[in-house]
Amino acid sequence: QVQLVESGGGLVQAGGSLRLSCAASGRTFGNYAMGWFRQAPGKEREFVAAVTGSGTFSSCANSVRGRCTISRDSAKNTVYLQMNSLKPDDTAMYYCAAHNTYAQLRSAPAYWGQGTQVTVSS
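Residues numbered from 1 in each chain as written. Predicted model: local features only at pLDDT ≥ 70, side-chain atom pairs only at ≥ 80, totals over all residues. Heavy atoms only, no water.

## Quick look at the overall build of the protein
- The number of helices and strands found in the protein is one helix and 11 strands.
- Counted from the first residue to the last, the protein has its helices and strands arranged as β-β-β-β-β-β-β-β-β-α-β-β.
- For the protein, the C-alpha radius of gyration of 13 Å lies close to 14 Å, the compact-globule estimate for 122 residues.
- Seen along its three principal axes, the alpha-carbon backbone of the protein occupies a region of about 40 × 30 × 25 Å. (Helix = DSSP H or I, 4+ residues; strand = E, 2+ residues; numbered from the N terminus. Rg over C-alpha atoms; globule rule 2.2 N^0.38 Å.)

Below, the structure is given as structure tokens:
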């Protein structure tokens, strides 16, 4: 089992920045690809960003590319999502996710956190 706890959400004005954190526990952190998804009211959950277990490869969705950085700190068992130039369309519940393969993480994560709310005001 892997337990994931998100933090760092909140209310921010358009154009601002946020850094979300996800603390992982339960299994060897480096064995898992980690990622972020988000779900806005009335919309399906969508992929935001992912990073491999080693941290050597990462990607962001087209909708946030150029404004998104995902990183991980193995010493702290934590993955981060830095979001800049936030827009009202970025308002959503942001979820941390994990899977032991990067490809499966993108399509069907094995583990989910409870989520942290991000609200961007115009």
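## Section: unusual backbone geometry
- In this structure, N77 is a non-glycine residue whose phi angle is positive, near 50°.
- With respect to the helices and strands, N77 occurs in the loop between β7 (68–73) and β8 (78–83).
- At S85, a position not held by glycine, the phi torsion is positive, near 50°.
- Position of S85 among the secondary structure elements: in the loop between β8 and β9 (92–99).

## Quick look at the pattern of salt bridges
- Counted by the stated rule, this structure contains three salt bridges.
- Linking E46 and R38 is a salt bridge whose minimum nitrogen-to-oxygen distance equals 2.6 Å.
- With a relative accessible area of 32%, E46 lands in the partly exposed category.
- On the accessibility criterion, R38 (6% relative accessible area) is buried.
- The residue D90 makes a salt bridge to R38 at a minimum N-O spacing of 2.8 Å. Of this pair, D90 sits in the loop between β8 and β9 while R38 sits in strand β4 (residues 33–39), and the two are 52 residues apart along the sequence.
- You can call D90 buried: its relative accessible area is 1%.
- One network of salt bridges, with partners in common, ties together R38, E46, R67 and D90. (Salt bridge = Lys/Arg side-chain N within 4 Å of Asp/Glu carboxyl O. Buried < 20%, exposed > 50% of the residue type's maximum accessible area, 1.4 Å probe, protein only.)

## Points about the confidence of the model for the protein
- Across the protein, the average pLDDT comes to 95, with 100% of residues at 70 or higher.
- Mean pLDDT per element in the protein: helix α1 (residues 102–107) is the minimum at 91, and strand β11 (residues 116–121) is the maximum at 98. (pLDDT = per-residue confidence, 0-100.)

## Here's the deal with the sheet that holds strand β1 (residues 3–7)
- Strand order in the open sheet formed by four strands is β1-β3-β8-β7, and the pairing between neighbours is antiparallel. The open sheet has two edge strands with one neighbour each: β1 and β7. Taking the axes of each pair of neighbouring strands and ignoring which way they run, one obtains an average angle of 15° across the sheet.
- Looking at chain direction, β7 and β8 are connected through six bridges and run antiparallel. Counted as the bridge partner of R72 is V79 from β8. (Pairing = 2+ DSSP bridges. Axes fitted to C-alpha atoms, helices over the stretch in contact; angles between N-to-C directions.)

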